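What follows is the residue order along each chain.
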Amino acid sequence: METRSFEHLGIKTSLLGFGCMRFPTLPDGRINEVEAERMLDLAISAGVTYFDTAYPYHGGHSEPFLGKVLKKYPRDSFYLASKLPVWDVHKPEDAERIFQEQLERLQTDYIDFYLLHALDKGRWEQMKALGVIEFCEKLQKLGKIRYFGFSFHDSYKVFEEILLYRVWDFCQIQYNYLDRNEQAGDEGYALAERLGVPLIIMEPIKGGNLAGFSNDINQRFQQMSPYASVASFALRWVGSHPNVKVILSGMSDMQQVEDNLHTFGSFTPFSPAEYEQLDDIVIQLRSRVRNGCTGCRYCMPCPAGVNIPQNFKIWNNYHMYRTYGHIQRAWEKELKPEEKAANCVQCGKCETLCPQKISIRQDLKQVQCDLDSKIFQ
C-alpha cells in the first residue's frame, strides 16, 4: 500500500483514504452493515490506515457504524477523521456538545484529524465570530484532537484568506484533472504546497463522473493501459502531486474497494506521456460543451421561473460525457419541473443581461429537446 509522510506532523498514512459517506445501503436507505464491514476489513487488511467520516453522513449513522467496526482494531493502527458541522453551530456551546457526541458515536477518546466541515466565506466568518477556532485549538491542547484542519467549498480567494489565517496542520480540498480551475484548484494546491500545508483530497473522481465516459473516450484510456480502470487514472493523477498525502474515495461496493486497492497497492505516478494524453482527452471533453455559460447568474431571476444556469450546466455535462447516467439525477430529481427549460416563455430578458451574449432562448429549446429525447444513452 502506497504511503505518504506528513513531514511536519511526524506521521505516515496510507495514500488511499476510505471515505465513509457512500457505504452500500439497504432498500430502506440504512447502511448495509454486513457488506460495509467486509469492505472496511478488506481495506484495513490491505494497509489502508485513514478513515474519513462526518457528523451528517448517512443521516448521522456513519460515525456510529464506523466507530463500531474500528473498535475491533488497535486504536494506534489507524487514523480517524471527522468534521464539525459548522452549519449547526449557532453558539459556542453547540460546538462542544456536538464534539462530545461525536466522541461517543465513534467510541473513542480522541479524533486524529478534525475538520471544520465545508467552509465557505459565510461559514468561516461565523466560526471566527463564535470563537470556534479557539475552541478546537483548546481541544488539541487537551489531546482530544491531534490535528486541526478544514474542508473547503468556495473560491480561491476565500481559500487563500482561510489558509493564511493561521498555521493549519492540514486542509481538505476538492481536486481532480477536470476541475483544476474550480474552487481552490491548481492555485490552491500551489499555495498549500508553498506554505507546507499537507493536502487531503476529496472528489478525485468527481463523484464517480471520471469513472467512465462514452465509448470513444473510454477506449483512449484503455489504449494507455488495457487492464486499468478509467477511475484509476483519476486517482493516479491526483496522487502524482507530492503534497497530496491522502486521497479519499467514497467506496460503495466491494468492486470499487478491490480496484482502488489494486491502484494503490502498486502505485505508479503519471508519466510525461500520460500527462500529455490526459490533457488531450480533457481538451476533447471540453470541446463538446454546447455553450459558454459560466454560471454567473446575471440572467436570474427568470420571470418564468426557469433555472437557466442549472439547465445549461446539466446540458453541457450531458454533451461532454455523452451518457445519460451522468446527469440523470440532476435532470430528473434535483432540477424541479417548474425550473426546466420547457417553461421558457421567450421573453428575452435574460439575453439582454448575459455577459457571454449567449442565445439563451434558442439554447433552452435545445436543452429540453436533447434531454427529452435522450440522444446519448
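About the cut-offs
Residues numbered from 1 in each chain as written. Predicted model: local features only at pLDDT ≥ 70, side-chain atom pairs only at ≥ 80, totals over all residues. Heavy atoms only, no water. Helix = DSSP H or I, 4+ residues; strand = E, 2+ residues; numbered from the N terminus. Rg over C-alpha atoms; globule rule 2.2 N^0.38 Å. Buried < 20%, exposed > 50% of the residue type's maximum accessible area, 1.4 Å probe, protein only. Contact = heavy atoms within 4.5 Å. Areas by Shrake-Rupley, 256 points an atom, 1.4 Å probe, with all protein chains shown as cover. Lys, Arg positive; Asp, Glu negative; His and termini not counted. Charge placed at Lys NZ, Arg CZ, Asp CG, Glu CD. Phe/Tyr/Trp six-rings, centres within 6.5 Å; stacked < 30°, edge-to-face > 60°. Lys NZ or Arg CZ within 6 Å of the ring centre and 35° of its normal. Salt bridge = Lys/Arg side-chain N within 4 Å of Asp/Glu carboxyl O. Axes fitted to C-alpha atoms, helices over the stretch in contact; angles between N-to-C directions. Parallel < 35°, antiparallel > 145°, perpendicular 65-115°, else oblique. Left-handed = near helix turned anticlockwise from the far one by under 90°. Pairing = 2+ DSSP bridges. Right-handed = clockwise from strand over helix to strand, strands pointing away. Core = buried A, V, L, I, M, F, W, Y, C linked by side-chain atoms within 4.5 Å.

The name given to the protein in an unreviewed UniProt entry is Aldo/keto reductase, with the source organism recorded as Candidatus Gallitreponema excrementavium.

Q: Would you mind going over the overall build of the protein with me for this structure?
A: When helices and strands are counted, the protein shows 16 helices and 10 strands. Here the protein has a C-alpha radius of gyration of 22 Å; the compact-globule value for 377 residues is 21 Å, and the two agree. Dimensions of the protein along its principal axes, counting C-alpha atoms only, are 60 × 50 × 45 Å. Split into buried and exposed, the 377 residues of the protein put 51% on the buried side. Intrachain contacts of the protein at a sequence separation of at least 6 include 75% that bridge at least 24 residues. Surface exposure of the protein reaches about 17300 Å², of which carbon and sulfur atoms provide 49%. Averaging the coordinates of the 43 positive side-chain charges in the protein and doing the same for the 48 negative ones gives two points 3 Å apart.

Q: What's the story with the packing of aromatic side chains in this structure? I'm lost.
A: How two aromatic rings sit relative to each other is set out by the distance from centre to centre and by the angle between their planes. Applying the stated criterion across every chain yields a total of 26 aromatic pairs. An aromatic cluster is present here, built from Trp124, Phe148, Phe150, Phe152, Phe159, Tyr165 and Trp168 joined pairwise through their rings. Against the face of Tyr110 rests Arg75, its NZ or CZ located 4.1 Å from the ring centre. The lysine or arginine in question, Lys340, covers the ring of Trp331, its NZ or CZ lying 4.3 Å from the ring centre.

Q: It is not clear to me how the pattern of salt bridges should be interpreted in this structure. Could you clarify?
A: In a structure, side chains of opposite charge can pair up when their charged atoms sit close to one another. Evaluated as defined, the whole model comprises 28 salt bridges. The partner of Lys121 in a salt bridge is Glu161, and the shortest N-O contact between them spans 2.7 Å. Remark: Glu161 occurs in helix 7 (residues 156–163) and Lys121 occurs in helix 5 (residues 121–129); sequence separation between them is 40 residues. In this structure Lys121 comes out as partly exposed when scored by relative accessible area, which is 35%. Residue Glu161 is classed as partly exposed on the basis of its relative accessible area, which comes to 29%. Between Glu125 and Lys128 there is a salt bridge; the shortest N-O distance is 3.5 Å. Taken as a pair, Glu125 and Lys128 lie in helix 5 at a separation of three residues, close to a single helical turn. Exposure remark for Lys128: the relative accessible area of 26% places this residue in the partly exposed category.

Q: Help me understand the packing of helix 7 against helix 8 (residues 185–195), please; the structure alone is not making it clear to me.
A: Helix-helix packing is characterised by the crossing angle of the two axes and by the distance between the axes. Two numbers describe how helix 7 lies on helix 8: the axes approach to 10 Å, and their chain directions differ by 15°. Relative to helix 8, the element helix 7 is oriented roughly parallel. Seen along the crossing, helix 7 lies across helix 8 with a hand that is right-handed. Where helix 7 abuts helix 8, its residues Tyr156, Phe159, Glu160 and Leu163 lie against Glu187, Gly188, Leu191, Ala192 and Leu195.

Q: Is there a simple way to think about the pairing of strand 6 (residues 111–119) in this case?
A: Within strand 6, nine of the nine residues are buried, leaving the element largely enclosed by the surrounding structure. Relative to strand 6, strand 5 (residues 79–84) is paired through four bridges, and the arrangement is parallel. Opposite Ser82, over in strand 6, you have Tyr114 as the bridge partner. Read as a crossover between parallel neighbours, the route from strand 5 over helix 4 (residues 92–106) to strand 6 is right-handed. Pairing of strand 6 with strand 7 (residues 145–152) involves six bridges; the strand directions are parallel. In the strand pairing of strand 7, Leu116 is matched with Phe150.

Q: Even after reading the chapter, I still don't get the pairing of strand 10 (residues 244–249), so can you show me in this structure?
A: Consecutive residues of a regular strand have side chains that alternate between opposite faces of the sheet. In terms of burial, strand 10 is largely enclosed, as six of its six residues are buried. Across three bridges, the pairing between strand 3 (residues 16–19) and strand 10 is parallel. When the bridges of strand 10 are listed, Phe18 appears paired with Ser249. Note that strand 9 (residues 199–202) and strand 10 share three bridges and pair parallel. Bridging from a neighbouring strand, Ile200 pairs with Val246 of strand 10.

Q: Any chance you could explain the nonpolar core here in plain terms?
A: Considering soluble globular proteins, one finds that nonpolar side chains tend to be buried as a cluster. Within the largest apolar cluster, 90 residues are counted, with the highest numbers of intra-cluster contacts made by Phe18, Leu116, Phe150, Phe159, Tyr177 and Phe221. The biggest single contributor to this core is helix 10 (residues 230–239), with seven residues. Not counting residues within four places of it along the chain, the set of residues in contact with Phe150 comprises Leu115, Leu116, Leu119, Phe159, Ile162, Leu163, Trp168, Phe170, Cys171 and Gln172. Listed in part, the 22 residues of the second largest apolar core include Val306, Ala330, Leu335 and Ile358.

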